Amino acid sequence: MSEVKIAAESRTEFGKGAARRIRRDSKVPGVLYGHGSDPLHLTLPGHDLQMALRTPNVLIALDIDGKTKELAIPKSVQRDPIKGFLEHVDLLLVKRGEKVNVEIYVHTEGELAPGGNLLEHVLNALPVEAEATHIPESVTVSVEGLESGASILAKDITLPSGVTLDVDPDAVVLQVLSAQAEEPSEEAAEGEEAAEA
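Residues numbered from 1 in each chain as written. Predicted model: local features only at pLDDT ≥ 70, side-chain atom pairs only at ≥ 80, totals over all residues. Heavy atoms only, no water.

**Student:** Let's hear about the overall build of the protein chain: which residues, and what values?
**Tutor:** Secondary structure assignment for the protein chain yields three helices and 13 strands. Among the 197 residues that make up the protein chain, the fraction classed as buried is 34%. Taking all contacts inside the protein chain whose residues are at least 6 apart in sequence as the whole, residues at least 24 apart take part in 64%. Taken as a whole, the protein chain presents about 11900 Å² of accessible surface, with 48% of it coming from carbon and sulfur. (Helix = DSSP H or I, 4+ residues; strand = E, 2+ residues; numbered from the N terminus. Buried < 20%, exposed > 50% of the residue type's maximum accessible area, 1.4 Å probe, protein only. Contact = heavy atoms within 4.5 Å. Areas by Shrake-Rupley, 256 points an atom, 1.4 Å probe, with all protein chains shown as cover.)

In structure tokens form, the structure reads like this:
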């Protein structure tokens, strides 16, 4: 679990015009909320935030106006649909030792049994509960030798210490499907029958 320090400024201007001005300065408007406190509107440095968000479930140590220090995790990130730049971020206030609900990526390793089997990710991310300062980035699951019809359930995945499932233990995370052979079209079948006659 990586912790990234970011200097943020509190902001008092709201609305689309203010947000556009913030983005023109290569910064990102954001909101910090949680623990029953009033939402705190922030301006965050765009490049630093972009780099931090490359890590899934990153823990952000905010230094707000050089006075207040808070820990937060990203809850919602809005990007420009065409250019991909950050438009807005919602941050959830967390405290050391506190448990939070997040999703962690499921990576696979190994080769399926021979025979053209396909691996389907039913859940790309696994809902878990973990301590805010010890959120794993991902879990790795071995699919070595699995055959068609095999599945891996949430309860089959080994989680790091202190991390618990936040999903039905019997939920299917991965399953192995047999590759579907294309059925011959009716015209081809009729052609074969005519050739045999």
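**Student:** Residue-level account of the pattern of salt bridges, with values.
**Tutor:** Applying the stated criterion to the full structure yields three salt bridges. Its salt-bridge partner being E9, residue K27 comes within 3.3 Å of it at the nearest N-O pair. Of this pair, K27 sits in strand β2 (residues 27–34) while E9 sits in strand β1 (residues 3–10), and the two are 18 residues apart along the sequence. Put simply, D63 and K69 hold a salt bridge, and the shortest N to O gap is 3.4 Å. Among the residues examined, D63 registers a relative accessible area of 25% and is labelled partly exposed. (Salt bridge = Lys/Arg side-chain N within 4 Å of Asp/Glu carboxyl O.)

**Student:** Could you give me a rundown of the sheet that holds strand β7 (residues 99–109), with the residues and numbers involved?
**Tutor:** Taking strand neighbours across the sheet as the criterion, the four strands line up as β10-β7-β9-β12 in an open arrangement whose pairing is mixed. The strands lining the two open edges of the sheet, one partner per strand, are β10 (138–142) and β12 (164–165). Across two bridges, strand β9 (residues 125–131) lies against β12 in antiparallel orientation. Each residue of the ladder has a partner; that of E129, found in β12, is T164. (Pairing = 2+ DSSP bridges.)

**Student:** Can you explain the nonpolar core? Please cite residues and give values.
**Tutor:** Taken as a class, soluble globular proteins show a tendency for nonpolar side chains to be buried jointly. In this structure, I73, L126, I157 and L159 are the most contacted members of the largest nonpolar core, which totals 25 residues. When residues of this core are traced back to their parent elements, those giving at least two are β4 (59–64), β5 (68–79), β6 (86–94), β7, β9, β10 and β13 (172–178). Residues contacting I157, with those up to four places away along its chain left out, are L126, V139, V141, I152 and V173. (Core = buried A, V, L, I, M, F, W, Y, C linked by side-chain atoms within 4.5 Å.)

**Student:** An account of unusual backbone geometry is needed here, citing residue identities and associated values.
**Tutor:** Despite not being glycine, D65 has its phi angle at roughly 55°, a positive value. Position of D65 relative to the elements: it lies in the loop between β4 and β5. With relative accessibility at 37%, the residue D65 sits in the partly exposed group.

**Student:** Outline the side chain of T43, supporting the account with residue identities and numerical values.
**Tutor:** The residue T43 is located in strand β3 (residues 37–45) in this model. Apart from the residues within four sequence positions on either side, T43 is in contact with A8, E9, R11, I22, K27 and V28.

**Student:** Lay out the side chain of H88 with the relevant residues and their values.
**Tutor:** Among the secondary structure elements, H88 is positioned in strand β6. Judged by relative accessible area, H88 falls into the buried class, the value being 17%. Among the polar contacts made by the side chain of H88, one reaches the side chain of D90 at a distance of 3.4 Å. Excluding residues that lie within four positions of it along the chain, H88 makes contacts with R11, V28, P29, G30, V31, S76, V77 and Q78. (Polar contact = N/O pair within 3.5 Å; in protein donor to acceptor, adjacent residues only side chain to side chain.)

**Student:** Explain the pairing of β5 to me, and be specific about the residues and the numbers.
**Tutor:** For β4 and β5, the ladder comprises five bridges, and the chain directions are antiparallel. Residue pairing in the sheet places A61 in a bridge with L71 of β5. Linking β4 back to β5 in an antiparallel pair, the connection comprises three residues, with D65 at a positive phi of about 55°. Note: β5 against β6, eight bridges, orientation antiparallel. Its bridge partner being in β6, R79 is matched across the sheet by L86.

Honestly, it's all geometry; don't read function into it.
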